[in-house]
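Remarks on the overall topology
Residue strings, one per chain:
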2 protein chains.
Amino acid sequence: MGSQVKNRPQSIHGWVAAELGTRIVSGVYAPGEYIPNETTIGEELNVSRTALREAFKILAAKGLIESRPKLGTRIRPRKYWNMLDAEILSWCFESKPSPQFFISLFEIREIFEPAAAELAAKNRTEDQVAKLSDAYQAMENAELGTEEVFSSDLEFHLAVLEATNNEFMISLGMTIQTAMMGLFRLSSSIEEEYKDSLPDHRAVYEAIAQQDAAGAKQQMFELLADSKENLDYALKHFVE
Amino acid sequence: MGSQVKNRPQSIHGWVAAELGTRIVSGVYAPGEYIPNETTIGEELNVSRTALREAFKILAAKGLIESRPKLGTRIRPRKYWNMLDAEILSWCFESKPSPQFFISLFEIREIFEPAAAELAAKNRTEDQVAKLSDAYQAMENAELGTEEVFSSDLEFHLAVLEATNNEFMISLGMTIQTAMMGLFRLSSSIEEEYKDSLPDHRAVYEAIAQQDAAGAKQQMFELLADSKENLDYALKHFVE
DNA sequence: TAGTGAAATTTATCATACAATAACATAAAG
DNA sequence: CTTTATGTTATTGTATGATAAATTTCACTA
């Protein structure tokens, strides 16, 4: 009896963190609410207190929970959640996110990506321009229908990020990119759009190479505009 | 004998996480390098394996380290570090950050704060306008030389964030704000600037209230420009 | 040379005991 | 009656020791 669960990934504490993390972001446990005490919930999940506490530390590190002796462990207010964390994002995707979730994600992306391109145009080194060129070439050569389509696209955007030489930009961009990629992989309209987006990518690359900050920003903005139908797709297929 | 250390905060695992986190961001352990195995470093720090492992989970959750059986625990490449995490930032501040660190932080701020104001002008509700108004009033009434100067300023910027109704913006903005505040508290030039910045704050508030997105963005940009000498201060006093 | 398998090292998990904390109730003192 | 002190108790925090699991390494074999 008790809790039956699907796939236990690598480690148990990892699985517990994912299980509880998903419960939290999906609202099973609401902010302010207290999680049952460690021994109780440990029995419910059939894990030792040790493993459970290691999971708690993970969740606490991401701002989701807060533990105090005598009081217990409770869910922190949403505004303290580290939403731009890869794991939290993946837990959100598993939880039938609200439309607002996707809208917000696209809003951030529309702010962030052009800004990254602008910064890259200002800060990039010659080496980084070369890498960017390689990444663009890989996109041109990618065979439709293969995984290459996604990986080369991802590679290009990561090359832009690195060219910003701003570690915060890089950190932020990595999580946003991978989140978006996870979404795009499920979208069907990708194949056709891919060819069409090549000129846009080239324009971004060239603007960065020429240190044309305003141009890079603008070109990236246009690139994003074209892929915006993915938002519609997400809204249709992911929200309940 | 052994390791002598200053202040052990609340919990031991919390202290260990801070201690090792600081070592990592300051480069004592370099990316790719392996940390001594759990029993060894546990003895060095005089903590049980239990507490040490809980600290490891915290660091792993923030992307700093990665553990594997037989191999051990090693520092992950910098690009996987969750740099926009409040704790990681505080560990960075304690470690004589490079000039590039501060420059990057200010770059990020200059991108996201105006974007947040713009978004707030678009998405804000009437309730949020009221809160923003209150926050501005508190700034006007704040007595110079008191903690109120900082707290009301912080309150205002947080109110802008909340008005974006974008949970990613809120999460991102909170960490940036608190990091900057920690810096400004140490700057001497704050007092004079404070009065001067009131009109700018008011302009931001009014633009948001009037749903003037472009205006809000522009006004916030100007507000930041005025406080930019704090960067000079940081560069002078924090870098070695 | 390739493949197979045993060994060794390290993390992962569990069980148990005890310490520390802080909320709450209770009682004592003013 | 209010305040202060004290003890009780529920919960997390820490320590220890034992065992399991993972996986790299390396020797051995075909």
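Here goes a summary of the coordinates provided. (Residues numbered from 1 in each chain as written. Chains lettered and ligands numbered in written order. Predicted model: local features only at pLDDT ≥ 70, side-chain atom pairs only at ≥ 80, totals over all residues. Heavy atoms only, no water.)

With that settled, the discussion passes to the nonpolar core. By size, the foremost hydrophobic cluster in this structure holds 114 residues, and its most contacted members are Leu-20 and Phe-101 of chain A together with Leu-20, Phe-101 and Phe-112 of chain B. With residues near it in sequence (within four places) discarded, Phe-112 of chain B still touches Ile-111, Phe-112 and Leu-172 of chain A together with Met-169 and Leu-172 of chain B. (Core = buried A, V, L, I, M, F, W, Y, C linked by side-chain atoms within 4.5 Å. Buried < 20%, exposed > 50% of the residue type's maximum accessible area, 1.4 Å probe, protein only. Contact = heavy atoms within 4.5 Å.)

Residue and element names in this part refer to chain B. Read from one edge to the other, the open sheet built from 3 strands follows the order β1-β3-β2, with strand pairing classed as antiparallel. Each edge of the sheet is formed by a strand with only one pairing partner; in this case those strands are β1 (34-35) and β2 (65-68). Note: β2 against strand β3 (residues 72-75), 4 bridges, orientation antiparallel. Within β3, the residue paired with Ile-65 across the bridge is Ile-75. (Pairing = 2+ DSSP bridges. Helix = DSSP H or I, 4+ residues; strand = E, 2+ residues; numbered from the N terminus.)

On to the protein's contact with DNA strand D, then. In the vicinity of DNA strand D there are 22 residues, among which Arg-53 of chain A together with Ile-12, His-13, Thr-50 and Arg-68 of chain B approach most closely. Close to the protein, within 4 Å, the atoms of DNA strand D are drawn from sugar and phosphate at a rate of 63%. A distance of 2.6 Å separates a phosphate oxygen of DNA strand D from a polar side-chain atom of Arg-53 of chain A. The contact in question runs from a base oxygen of DNA strand D to an N or O atom on the backbone of Lys-70 of chain A, over 3.2 Å. Breaking the surface near DNA strand D down by element, the ones donating at least two residues are α3 (49-61), β2 (65-68) and β3 (72-75) of chain A together with α1 (12-25) and α3 (49-61) of chain B. (Near = heavy atom within 4 Å. Polar contact = N/O pair within 3.5 Å; in protein donor to acceptor, adjacent residues only side chain to side chain.)

Turning our attention to the interface of chain B and chain A. Every contact between the two is made by 38 residues of chain B and, on the other side, 38 residues of chain A. Counting each side, the surface lost to burial between chain B and chain A is near 3,500 Å², with a carbon and sulfur contribution of 61%. If you sort the residues of chain B by the area they bury against chain A, Lys-57, Glu-167 and Phe-168 of chain B come out on top, with a joint share of 19%. For the pair chain B and chain A, the number of links is 5 salt bridges. Residue Arg-53 of chain B pairs with Glu-54 of chain A through a salt bridge whose shortest N-O separation is 3.0 Å. Joining chain B to chain A, the criterion identifies 18 residue pairs in polar contact (both at pLDDT 80 or more). Elements that contribute at least two residues to the side of chain B that touches chain A include exactly α3, α5 (99-123) and α8 (167-184) of chain B. Top contributing element to the side of chain B that touches chain A by residue count: α5 of chain B, with 11 residues. Looking at the side of chain B that touches chain A residue by residue, the classes come out as 19 nonpolar, 8 polar and 11 charged. (Buried area = accessible area lost by both parts, 1.4 Å probe. Salt bridge = Lys/Arg side-chain N within 4 Å of Asp/Glu carboxyl O. Nonpolar A, V, L, I, M, F, W, Y, C, P; charged D, E, K, R; others polar.)

A separate point is the protein's contact with DNA strand C. Taken together, the neighbourhood of DNA strand C is formed by 22 residues, with Ile-12, His-13 and Ser-48 of chain A together with Arg-49 and Arg-53 of chain B sitting nearest. Ile-12 of chain A is positioned with one of its backbone polar atoms (N or O) 2.3 Å from a phosphate oxygen of DNA strand C. Residue Lys-70 of chain B places a main-chain N or O atom 3.2 Å away from a base oxygen belonging to DNA strand C. Elements supplying a minimum of two residues to the surface near DNA strand C: α1 (12-25) and α3 of chain A together with α3, β2 and β3 of chain B.

With that out of the way, let us pick up the pattern of salt bridges. Residue and element names in this part refer to chain B. A full pass over the atoms with the stated rule returns 27 salt bridges over all chains. Taking the shortest distance from any N to any O, the salt bridge between Glu-87 and Lys-62 comes out at 3.0 Å. Of the two residues, Glu-87 is situated in helix α4 (residues 86-93) and Lys-62 in the loop between α3 and β2; the sequence distance between them amounts to 25 residues. Taking the relative accessible area as the measure of exposure, Glu-87 reaches 35% and is therefore partly exposed. A residue is classified by how much of its surface remains accessible, and Lys-62, at 2% relative accessible area, is buried. When the shortest N-O distance is used, the salt bridge between Arg-202 and Glu-140 registers 3.9 Å.

Here we take up the pairing of β3 of chain A. Residues and elements named next belong to chain A. With burial as the criterion, only one face of β3 is covered, namely that bearing Thr-73 and Ile-75; the residues Gly-72 and Arg-74 on the opposite face remain uncovered. In terms of strand pairing, strand β1 (residues 34-35) meets β3 through 2 bridges, oriented antiparallel. Looking at the pairing, Tyr-34 lines up with Arg-74 of β3. As consecutive antiparallel partners, β2 and β3 are separated by 3 residues, and within that stretch Lys-70 has a phi angle of approximately 75°, a positive value.

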